[in-house]
Amino acid sequence: MAKIKLEYIWLDGYEPTQNLRSKTKVEEHENFKGTLEELGNWSFDGSSTKQAEGGSSDCLLVPVAIYPDPTRINGYLVMSEVMYADGTPHPSNGRATIDDDNDDFWFGFEQEYFIMDTKTLLPLGFPVGGYPAPQGMYYCSVGGKNTHGRKLVEEHADLCIAAGINFEGINQEVACGQWEFQLFAKGAKKAGDEIWIARYLLDRLTEKYGYYIEYHPKPLGDTDWNGSGMHANFSNEVLRTCGDQATYERICEAFRPVTAEHIAVYGAYNDLRLTGKHETASIHDFSYGISDRGASIRIPLITVQKGWKGWLEDRRPASNGDPYKIAARIITTVKSAL
């Protein structure tokens, strides 16, 4: 028999942006294989996470995905959905709203973020009381003058890969101290699970560096510094195989009348980021175009070159958005056009 550490991870009920919560359950197992079937439900005090009242505070944690924890001996990361005691989804449970049971939809998320110093409360590379050199030399930079935080970012990539996440890349972004990682998954729920687990590993890793991660889409306010997004690349069988420009345009046009519904679940304070500057479209407009990073939805050039077979990129989601809710809304809109 071995002692197994199960880290149950869930999203709390805080608004407008939910937070990750987790706690460890130690169990004895013989020949533990790391499967969902070996796990039981757990509970937590929902009154401490804005998900229940004190008089009836138990909420259920139902495991939905499990990954090896590369930082613990006999450890596993257990992504969980929050349910009421009767087994129905809690309103904070965005995963339960995804209509993609056959995993027809594939998602590739590009998660941008700032690495912040806990002492200065500024992004890495920012001097106290001033600014570093203007944007221009930070994007995909090399060398200590313009690159800040690489050690943490590289370690995070290794942890994600060791955990079995389909981690696809990293790069420093346009602003000083800003980075991005990319994930891809077949199935909207899996894509959301992996973004949240990757965020969890990143947040936990900062504890030993004296940093924290800022997911706010415009942490430097109304300045000429870039904000952070979480671009959503998506496709389904139709987009991957149709070979028809008119079908692509019909799907893109389906997003226009529901612009407000998308913005509502694309992350808080996104109006500060979606200004029409810094490679964004205005939050008040909707547009799409081939290879256009200033549009709401970009039609990748490679999709066109392959005869209109590929994917679309929604550039509006904010860095603090919930990938479950973002994917659910995109799926609803795409299905409405078919």
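Residues numbered from 1 in each chain as written. Predicted model: local features only at pLDDT ≥ 70, side-chain atom pairs only at ≥ 80, totals over all residues. Heavy atoms only, no water.

Examining the UniProt feature "domain: GS beta-grasp" (unreviewed entry) in the protein chain
In the UniProt entry, the feature "domain: GS beta-grasp" (unreviewed entry) is given for residues 4-87. Across residues 4-87, the secondary structure splits into 0% helix and 50% strand, with the terminal C-alpha atoms separated by 26 Å. (UniProt positions renumbered as here; feature names shortened; annotations may be inferred. Helix = DSSP H or I, 4+ residues; strand = E, 2+ residues; numbered from the N terminus.)

Let's talk about the packing of helix H2 (residues 188-206) against helix H7 (residues 323-336)
Running from N to C, H2 and H7 point in directions that differ by 155 degrees, and their axes come no closer than 8 Å. The angle between H2 and H7 places the two elements in the roughly antiparallel class. Between H2 and H7 lies a crossing whose hand is right-handed. For the pair H2 and H7, contact is made by Ala-188, Lys-189, Gly-192, Asp-193, Ile-195, Trp-196 and Arg-199 and by Pro-323, Tyr-324, Ala-327 and Ile-331, respectively. Looking at the contact of H2 with H7 residue by residue, the class counts come to seven nonpolar, one polar and three charged. (Axes fitted to C-alpha atoms, helices over the stretch in contact; angles between N-to-C directions. Parallel < 35°, antiparallel > 145°, perpendicular 65-115°, else oblique. Left-handed = near helix turned anticlockwise from the far one by under 90°. Contact = heavy atoms within 4.5 Å. Nonpolar A, V, L, I, M, F, W, Y, C, P; charged D, E, K, R; others polar.)

Some words on empty space enclosed by the protein
Summed over all chains, the structure comprises one cavity of 30 Å³ or more. Taken as a whole, the largest cavity holds about 80 Å³ of empty space. Together, Leu-11, Gln-51, Met-79, Ser-80, Glu-81, Val-82, Ser-92, Asn-93, Gly-94, Arg-95 and Tyr-324 line the largest cavity. Considering every element that reaches the lining of the largest cavity, the biggest residue donor is strand S5 (residues 75-83), with four residues. (1 Å grid on protein atoms, 1.4 Å probe; cavity = no way out; pocket = protein on both sides within 12 Å on 5 of 7 lines; lining within 4 Å. Points joined across faces, edges and corners; volume = space filled by probe spheres on them.)

Observations concerning the side chain of Glu-194
Along the chain, Glu-194 turns up in helix H2. An unpaired buried charge is present at Glu-194: no salt bridge exists, and Lys-190, the closest side chain of opposite charge, is 4.3 Å distant. In this structure the side chain of Glu-194 is engaged in a polar contact, spanning 3.0 Å, whose partner is the backbone nitrogen of Asn-166. In this structure Glu-194 touches Tyr-67, Gly-164, Ile-165, Asn-166, Leu-183 and Phe-184, once residues within four positions along its chain are discounted. (Buried < 20%, exposed > 50% of the residue type's maximum accessible area, 1.4 Å probe, protein only. Lys, Arg positive; Asp, Glu negative; His and termini not counted. Salt bridge = Lys/Arg side-chain N within 4 Å of Asp/Glu carboxyl O. Polar contact = N/O pair within 3.5 Å; in protein donor to acceptor, adjacent residues only side chain to side chain.)

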